[in-house]
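Per-entry structural report
Each chain, letter by letter, is given below.
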Amino acid sequence: MTGTPVVPDDMKPEPRPKHEMLLELPGGYSMPQNGIGMCCRPSAYDDDLVKETVLWYLLSGGRLIDGAQLYLNHKAIGEGIRQAIQRGVPRSEIFVTTKVWVSNYGYNTTKGVVPKFLKELGLDYIDLVLMHFPGSFIPGTMSKECSNLKLSSKECRQETFKALSSLRQQGLIRNVGVSNHAIRHLKDIQELDDVAPIAANQIVFNPWVPKSWKDTFHYCQQNNIAVTAYNSLGGLFQHAEAKTVKTLTDLANKYRKTVAQIMLRWALQKNAAVIPGTGNPKHMKENLDIYSFSITSEDMNAINDLEFDESAKKMFSMEPINT
């Protein structure tokens, strides 16, 4: 498959971006606010391209790699990390996120699958492990353990979070979090005793998301839960649409940046981390360059107001799943 070019043999690590921003996590660790997502494009499912993507990104100064069990590319991500470390990128600077898929929920199942992630990635620890969804929304994908024990969705995710908390105590995981969890799902976990704090919630977040996700974002901010935003440009299939919105094109011209850079910077200034996906080294550089400028309060408000813009009718984001 054509795509991400091979990293030159003589390429050395570049410095981390100037003015890099970090999110402080409740366990005492910090997470880069700008990363790369390893999902949802052809180059994310070819092992050679995945390895080259990760290597390009880390050598270009990026430090946050966002993966998942569902993406089926742990081994290739791990090989890219291994080669970057060989070239001089410290493991201590690399922040690796992955996610447990719902079919592996349940206390014992989750405790058994995470060590497999470590082996696939070739790592001694994972910086952040998330529960990918609050529950099953596809028939037949419910965890066998939770089904056999006749656990409710709430009980199943609670047992899963307990397992991740135990793995954190063992030192295999440094931070535990969730993904696609709405407020009610977060509260189910917060009512547990003696578990890890919810370090992060990865959710769809852009100016056009439904009120339910905006409310979730604010709840996370109020409860010291870092937010990682995906679909930052308006949705999985609406990147091109976002690039035609007049407010955004005007701001791109004003700041001499791309619309994508404007949208990503907006999310940073809202205090979210971003994980744009690309296998193109040029786009990686552009994405890392969002640390180099800031958007005025007036222009931030103009982007906030896009939820009332005509463009909002063309943007689609799923509501939280009802489980």
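Relevant structure appears above.
The notes below deal with the structure included here. (Residues numbered from 1 in each chain as written. Predicted model: local features only at pLDDT ≥ 70, side-chain atom pairs only at ≥ 80, totals over all residues. Heavy atoms only, no water.)

Our next topic: the packing of helix H10 (residues 259-269) against helix H12 (residues 297-304). One can describe the packing of H10 onto H12 by two numbers: an axis separation of 11 Å at closest approach and a directional angle of 105°. Here H10 lies roughly perpendicular to H12, going by the angle between them. Judged by residue contacts, Ile262, Met263, Trp266 and Gln269 of H10 engage Met300, Ile303 and Asn304 from H12. Looking at the contact of H10 with H12, its residues break down into five nonpolar, two polar and no charged. (Axes fitted to C-alpha atoms, helices over the stretch in contact; angles between N-to-C directions. Helix = DSSP H or I, 4+ residues; strand = E, 2+ residues; numbered from the N terminus. Parallel < 35°, antiparallel > 145°, perpendicular 65-115°, else oblique. Contact = heavy atoms within 4.5 Å. Nonpolar A, V, L, I, M, F, W, Y, C, P; charged D, E, K, R; others polar.)

All right, on to the state of the cysteines then. Scanning all chains against the criterion turns up two disulfides. Linked covalently through their sulfurs, Cys146 and Cys156 form a disulfide whose S-S length is 2.1 Å. Because the sign of the S-S torsion sets the handedness, a value of about 80° for the bond joining Cys146 and Cys156 places this disulfide among the right-handed ones. Taken as a pair, Cys146 in helix H4 (residues 144-148) and Cys156 in helix H5 (residues 153-169) lie far apart in primary sequence, ten residues in all. Taken as a pair, Cys146 and Cys156 share a single burial class, namely buried. Described in terms of the sequence order of its bonded cysteines, the disulfide pattern of the chain is 1-2, 3-4. (Disulfide = S-S within 2.5 Å. Buried < 20%, exposed > 50% of the residue type's maximum accessible area, 1.4 Å probe, protein only.)

Strand E5 (residues 95-100) sits mainly inside the fold: six of its six residues count as buried. On E5, burial covers both faces: Phe95, Thr97 and Lys99 on one face and Val96, Thr98 and Val100 on the other are all buried. Pairing analysis gives three bridges linking strand E4 (residues 64-66) to E5, with the strands arranged parallel. If you follow Asp66 over to E5, its bridge partner there is Thr97. In this region the chain leaves E4, passes through helix H2 (residues 74-86) and returns to the parallel neighbour E5; the handedness of that crossover is right-handed. As defined by bridge partners, E5 adjoins strand E6 (residues 128-131) across four bridges and the pair is classed as parallel. Within E6, the position partnered with Thr98 by the bridge is Val129. (Pairing = 2+ DSSP bridges. Right-handed = clockwise from strand over helix to strand, strands pointing away.)

Take the packing of aromatic side chains next. One pair of aromatic rings is described through two measures. These are the centre distance and the angle between the planes. This model, assessed by the stated rule, comprises four aromatic pairs. Measuring from ring centre to ring centre gives 5.9 Å for Tyr255 and Phe293, while their planes differ by 45°; the resulting arrangement is tilted. With Tyr255 in helix H9 (residues 246-255) and Phe293 in the loop between helix H11 (281-288) and H12, this pair connects stretches of sequence that are 38 residues apart. Through successive ring pairs, a cluster of aromatic residues spans Phe205, Phe217 and Trp266. The ring of Tyr125 carries Arg91 above its face, with NZ or CZ at 4.1 Å from the centroid. (Phe/Tyr/Trp six-rings, centres within 6.5 Å; stacked < 30°, edge-to-face > 60°. Lys NZ or Arg CZ within 6 Å of the ring centre and 35° of its normal.)

Here we take up the packing of helix H6 (residues 183-190) against helix H7 (residues 211-222). Orientation of H6 relative to H7, taken along the N-to-C sense of each, is 30°, at an axis distance of 9 Å. Viewed along their axes, H6 and H7 adopt a mutual orientation that is roughly parallel. On H7, the residues touching Ile183, Leu186, Lys187 and Gln190 of H6 are Asp215, Thr216, Tyr219 and Cys220.

The computed volume of the second largest pocket comes to approximately 160 Å³. The wall of the second largest pocket is formed by Arg16, Leu22, Tyr29, Ser30, Pro32, Ser92, Glu93, Ile94, Phe95, Asp127, Arg174 and Asn175. Of the residues in the lining of the second largest pocket, the class split is five nonpolar, three polar and four charged. (1 Å grid on protein atoms, 1.4 Å probe; cavity = no way out; pocket = protein on both sides within 12 Å on 5 of 7 lines; lining within 4 Å. Points joined across faces, edges and corners; volume = space filled by probe spheres on them.)

In this model H7 runs 16 Å from its N-terminal to its C-terminal C-alpha over twelve residues, within 8% of the 16 Å that 1.5 Å per residue would give. Listing the buried residues of H7 in full gives Trp213, Lys214, Thr216, Phe217, Tyr219 and Cys220. Summarising the contacts, the buried residues of H7 are in contact with H6, strand E8 (200-204), strand E9 (226-230) and strand E10 (272-274). Looking one or two places after H7, you find Asn224, whose phi comes out positive at around 60°. (Expected span 1.5 Å × (residues − 1).)

Turning our attention to the environment of Lys119. Here Lys119 lies in helix H3 (residues 107-121). Considered as a pair, Lys119 and His19 are 100 residues apart in the sequence and their alpha carbons are 34 Å apart.

This part covers the sheet that holds E8. Backbone hydrogen bonds are what pair the strands of a sheet, in a parallel or an antiparallel way. The eight strands lie next to each other as E3-E4-E5-E6-E7-E8-E9-E10, forming an open sheet whose pairing is parallel. For this open sheet the edge positions go to strand E3 (35-37) and E10, each flanked by a neighbour on one side alone. Across the sheet, the mean angle from the axis of one strand to that of its neighbour is 25°, orientation sign disregarded. Lying on the sheet, helix H1 (residues 47-59) is in contact with E3 and E4; it crosses E4 at an angle near 155°.

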